[in-house]
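Fold and geometry: a report
Next come the chains, spelled out residue by residue.
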Amino acid sequence: MQNAYPPPGTGQSITEPLMLAPADPAWRGRLAITFVGLALLWPLLVASEFKPWIFFDVKSLQATGRFLAAFVPPAHSSQFLLIVLEATWQTIAMATAGLTLALIGAIPMTLIVTERLSISRLGGKKMHRLPAMLRQFVRWLLILLRSIPELVWALLLVRVIGLGPTAGVLAIALTYCGMLGKVYAEILDSSDAHATDTLLRNGSSRLGALFYGAMPEAASELVSYTVYRWECAIRGSVVMGFVGAGGLGQRLDESMKMLAGGEVSTMLIVFVLLVAGADMVSRMLRSRLT
Amino acid sequence: MSQALAPPPPRMRWSSIVLLLGLMSLVAASFISLPWALEGFFTADAVRTTSEFLRGFAPPDLAPNFLHRIGVATLETLAMSALGTLLAAVLGMCLALPASGRFGRGARSVVRSLQNMLRAVPELVWASILLIAVGLGPFAGTLALAVHTAGVLGRLFADALENGSPLPEAALRNNGVRPIAVFLYATLPQTTPQILSYTLYRWENNIRAAAILGVVGAGGLGQMLKYHLSLFQMEQAATVILAMLLLVALVDMVSLQLRRALTR
């Protein structure tokens, strides 16, 4: 076996064919995977009506060109800027009010759901049947609230309440109530059980055990998650405007339907700045906590 | 004595007080400034129309004919998300090469800010812009997912490439291997697991996003929902919402099981 490799410099006849690239040992597998991939890709292309040549259709090129050409300069008349400013504030207000309402709903539900505050399970015993059922019921309610996307809530609420920010606020409140309730309960349940258990076993009230046992450990994480959700709510409330729930999104949708490129570009800039601002504020607040 | 045992309460910092007051005034200002339309909830007339609206959902439309259309729309949603993610992965890789500093610092910062821009605009806004270029239908939705996700994945890929160990690359380079071969045989194999897991994770997100993208007219289940809601065909709308919930729950379950199987 040791003679399989000739010493360097001697076997001219052997190094010569090696100068050509050696065949890929895995070529069969690669080829097969490529064919399987192409075979899978075909139905996807058909189902999503993938027709890139639409881009180069003369009519659509003209329309797109005109729309994009109007992007510069962005619309900047003082009247329009005032409208955009108002819509931006409405977006922030929607997110803030929605999150506040979500908190009002999520906090009591968290208190019901979290197993840290159950007295019957102390000492490793099984929880009583009734509280276990109640917890499971509220858990299902939270799942239902958060698994319907906020946009669908908004779409439904716009039908009930009519166009305007109220539908958006309620949509955020409903979805985020589900998300906050779930995550708050998870954070509390994963905190150290020792302090709350000791307090509860010595006859402290449940709220007392929560505030003095679990909160000191979990508070910063809870607040940090809430701030992060506020940032998400701002992004979400822009998107909900597209179904008529007020704020910057609704203005953006209107301008887009009128193909007013200048207005669209102004609002996109404002939107990107708003998201970056919310990101900055949220990062600043969260860094204070840790 | 008990007084002496209790530690003094921690002192509030001024900045915290100012911050709390600021937050409270933000909340108050939000509630005051919004044009509330709550009378829609509390007048007798409104209660009647609302309950009528809700009762309309009651038996979801389960006719086989309609269920077939739901199935087609669900497949369309899945196809949009898969193709959008695939395009985004390819585009993201093209962006990640300059964004990981392979073509100099200037290119890196330019491409990184381009990625941030793509990422900052949500899929739905991209979709409504692209509708102007390519018209109604799932193609606009696919492209919207691709553009937004390219920004997200491009940045994640670039970070993965930057964080890879430089040693294998340097070893091949020093022995005179061409840059493309170095990338293919040293850098890419190192980062492939990360790239794959990021891509799968975004696919999961994109299925959820594709389900609702249609409300601006970009195909899939969302477009059906919007259509039936605007015709006040509540029974059909209820079925679409149920299909969305099922799809999302299924995706969540599959991804949870996969994650468990892979980390075990």
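Residues numbered from 1 in each chain as written. Chains lettered and ligands numbered in written order. Predicted model: local features only at pLDDT ≥ 70, side-chain atom pairs only at ≥ 80, totals over all residues. Heavy atoms only, no water.

**Looking at the overall build of chain B**
Our working rule: Secondary structure is summarised from DSSP: a helix means a run of H or I of at least four residues, a strand means a run of E of at least two, and numbering begins at the N terminus for each. Here the globule rule reads 2.2 Å times residues to the power 0.38, and the radius of gyration is calculated from C-alpha atoms. A simple rule labels every residue: compare its accessible area, found with a 1.4 Å probe on the protein chains alone, to the largest value its type can have, and call it buried under 20%, exposed over 50%, or partly exposed in between. Accessible surface area values rest on a Shrake-Rupley calculation with a 1.4 Å probe, where residue burial reflects the displayed protein chains alone. Positive charges come from Lys and Arg, negative ones from Asp and Glu, while His and the chain ends are left out of the count. Charge coordinates come from a single atom per side chain, which is NZ of Lys, CZ of Arg, CG of Asp or CD of Glu.
From N to C terminus, chain B includes 12 helices and zero strands. Element order for chain B, N to C, with α for helix and β for strand: α-α-α-α-α-α-α-α-α-α-α-α. Its C-alpha atoms give chain B a radius of gyration of 26 Å, more than 25% over the compact-globule value 18 Å for 264 residues. Taken over the C-alpha atoms alone, chain B extends approximately 85 × 80 × 40 Å along its principal axes. Taken across its 264 residues, chain B has 44% of its residues classed as buried. If you sum the accessible surface of chain B, you get close to 14600 Å²; carbon and sulfur atoms cover 69% of it. When the 19 basic and 12 acidic side-chain charges of chain B are each reduced to a single mean position, those positions are 15 Å apart.

**Brief notes about the packing of aromatic side chains**
Aromatic rings in a pair are described by how distant their centres are and how their planes are angled relative to each other. We apply this condition: Here is the rule: rings of Phe, Tyr and Trp (six-membered ring for Trp) pair when centre to centre is within 6.5 Å. Planes less than 30 degrees apart are stacked, more than 60 are edge-to-face, and the remainder are tilted.
In the structure shown here, the tally under the stated rule is four aromatic pairs over all chains. With 5.2 Å between their ring centres and 85° between their planes, A:Phe50 and B:Phe139 make a pair best called edge-to-face. Here A:Phe50, found in the loop between helix H2 (27-47) and helix H3 (58-69), pairs with B:Phe139, found in helix H8 (residues 138-163), and the two come from separate chains. Between the aromatic rings of A:Phe67 and A:Phe71, the centroid separation amounts to 5.2 Å while the plane-to-plane angle is 80°, which identifies the pairing as edge-to-face. Each member of the pair, A:Phe67 as well as A:Phe71, is classed as buried.

**Thoughts on the packing of helix H5 (residues 129-147) of chain A against helix H7 (residues 165-189) of chain A**
All names here are of chain A. Put simply, the test is: Axes here refer to lines fitted to C-alpha atoms; in helices the fit is confined to the stretch in contact. Angles between the N-to-C directions go from 0 to 180 degrees. Orientation categories follow fixed angle ranges, with anything under 35 degrees roughly parallel, anything over 145 roughly antiparallel, 65 to 115 roughly perpendicular, and all other angles oblique. For any helix crossing, the convention is left-handed if the near helix is rotated counterclockwise from the far helix by under a right angle, and right-handed if that rotation is clockwise. Note on definitions: a residue-residue contact is assigned when non-hydrogen atoms from the two residues lie within 4.5 Å. The classification used treats Ala, Val, Leu, Ile, Met, Phe, Trp, Tyr, Cys and Pro as nonpolar, Asp, Glu, Lys and Arg as charged, and all other residues, Gly among them, as polar.
Remark: H5 packs on H7, axes separated minimally by 7 Å, with the N-to-C direction vectors making an angle of 130°. As far as their axial angle goes, H7 and H5 are oblique. Read as a crossing pair, H5 and H7 show a hand that is left-handed. On the side of H5, the interface is formed by Leu142, Leu145 and Arg146, while H7 contributes Leu174, Thr175, Cys177, Gly178, Met179, Gly181 and Lys182. Residues of the contact of H5 with H7, tallied by class, amount to five nonpolar, three polar and two charged.

**Some details on the layout of surface pockets**
Counted only if it meets this: Put plainly, a pocket is an open set of points on a 1 Å grid over the protein atoms alone with protein on both sides within 12 Å along at least five of seven lines, a cavity is a set where a 1.4 Å probe fits but cannot get out, and a lining residue has an atom within 4 Å of a point. Grid points are joined across faces, edges and corners, and a volume is the space filled by probe spheres set on the points.
A volume near 1400 Å³ is recorded for the second largest pocket. In terms of lining, the second largest pocket is formed by 35 residues, of which the most central are A:Val223, A:Thr226, A:Val227, B:Leu20 and B:Leu23. When contributions to the lining of the second largest pocket are tallied by element, the ones reaching two or more residues are helix H4 (78-113), H7, helix H9 (206-240) and helix H11 (261-289) of chain A together with helix H2 (14-33) of chain B. Counting residues per element, the lining of the second largest pocket draws most heavily on H9(A), which supplies nine residues. A class-by-class count of the residues in the lining of the second largest pocket yields 26 nonpolar, six polar and three charged.

**Some remarks on the side chain of B:Arg202**
Structurally, B:Arg202 is set in helix H10 (residues 179-213). Filtering out sequence-adjacent residues up to four positions away, B:Arg202 remains in contact with B:Thr85, B:Glu123, B:His148, B:Thr149, B:Val152 and B:Leu153.

**So, a nonpolar patch on the surface**
Residue and element names in this part refer to chain A. The condition is simple: Residues enter patches when they are more than 30% accessible in relative terms and free of salt bridges; like-charged ones are connected within 9 Å and nonpolar ones (Val, Leu, Ile, Met, Phe, Trp, Tyr) within 5 Å. One side-chain nitrogen of Lys or Arg within 4 Å of one carboxyl oxygen of Asp or Glu is enough to make a salt bridge.
Together, Ile107, Leu111, Leu207, Phe211 and Tyr212 make up a nonpolar patch on the protein surface, roughly 530 Å² of accessible area in all. Where the nonpolar patch is concerned, the elements lending two or more residues are H4 and H9. Among the elements that take part in the nonpolar patch, H9 stands out by supplying three residues, more than any other. Mapped onto the fold, Tyr212 is located in helix H9. Using a relative accessible area of 69% as the deciding quantity, one classes Tyr212 as exposed.

**Observations concerning the packing of helix H6 (residues 150-161) of chain A against H9(A)**
Residues and elements named next belong to chain A. In contact at an axis separation of 10 Å, H6 and H9 are set at 45° when each is read in the N-to-C sense. Comparing their axes, H9 and H6 come out oblique. With respect to the hand of their crossing, H6 and H9 are arranged in right-handed fashion. Counted together, Glu150, Leu151 and Ala154 of H6 and Gly236, Val239 and Met240 of H9 form the full contact between these two elements. Partitioned by chemical class, the residues of the contact of H6 with H9 number four nonpolar, one polar and one charged.

**Quick look at the confidence of the model for chain B**
Stated precisely, the cut-off is as follows: Here pLDDT means the predictor's own confidence in every residue, given as a number from 0 to 100.
Mean pLDDT for chain B: 87, with 97% of residues reaching 70 or above. Across the predicted assembly, pTM comes out at 0.82 and ipTM at 0.81.

**Observations concerning the pattern of salt bridges**
Pairing between side chains of opposite charge can happen when their charged atoms approach one another. All names here are of chain B. Across all of its chains, the model carries 15 salt bridges over all chains by this definition. With a closest N to O distance of 3.6 Å, Arg112 and Glu162 form a salt bridge. Here Arg112, found in helix H6 (residues 105-120), pairs with Glu162, found in helix H8; they are 50 residues apart in sequence, far enough to count as distant. On the basis of relative accessible area, Arg112 is assigned to the buried category, the value being 16%.

**Considering the environment of A:Gly203**
Here A:Gly203 is to be found in the loop between helix H8 (193-201) and H9. Residue class for A:Gly203 comes out exposed when judged on its relative accessible area of 63%.

**So, the side chain of B:Thr199**
Residue and element names in this part refer to chain B. Put simply, the rule reads: N or O atoms within 3.5 Å of each other form a polar contact, as long as, within protein, one can give a hydrogen and the other can take it, and as long as residues adjacent in sequence are counted only when both atoms are side-chain atoms.
In this structure, Thr199 sits in helix H10. Judged by relative accessible area, Thr199 falls into the buried class, the value being 16%. Of note is the side chain of Thr199, whose polar atom sits 2.6 Å from the backbone oxygen of Ile195.

**Quick look at the state of the cysteines**
Residue and element names in this part refer to chain A. Heads up, the rule is: Sulfur atoms of two cysteines make up a disulfide when they are within 2.5 Å.
Counted according to the given criterion, the structure contains zero disulfides over all chains. Counting only cysteine sulfurs, Cys232 is the nearest neighbor of Cys177, a cysteine outside any disulfide, at a range of 16 Å. For Cys177, a relative accessible area of 6% puts it in the buried group. For Cys232, a relative accessible area of 13% gives the class buried.

**Some thoughts on the interface of chain A and chain B**
Rules: The term buried area denotes the loss of accessible surface (1.4 Å probe radius) that occurs when two parts are joined, taken as the sum for both partners.
Opposite the 49 residues of chain A that make contact, chain B presents 52 residues. Buried surface at the junction of chain A and chain B, summed over both partners, amounts to about 4600 Å²; 83% is from carbon and sulfur atoms. The interface formed by chain A and chain B includes zero salt bridges. Across the contact surface, chain A and chain B share three residue pairs in polar contact (both at pLDDT 80 or more). Of all the secondary structure elements, the ones that give two or more residues to the side of chain A that touches chain B are H2, H3, H4, H6, H7, H9, helix H10 (247-257) and H11 of chain A. Ranked by residues supplied to the side of chain A that touches chain B, first place goes to H4(A) with nine residues. Of the residues belonging to the side of chain A that touches chain B, the class tally is 37 nonpolar, eight polar and four charged.

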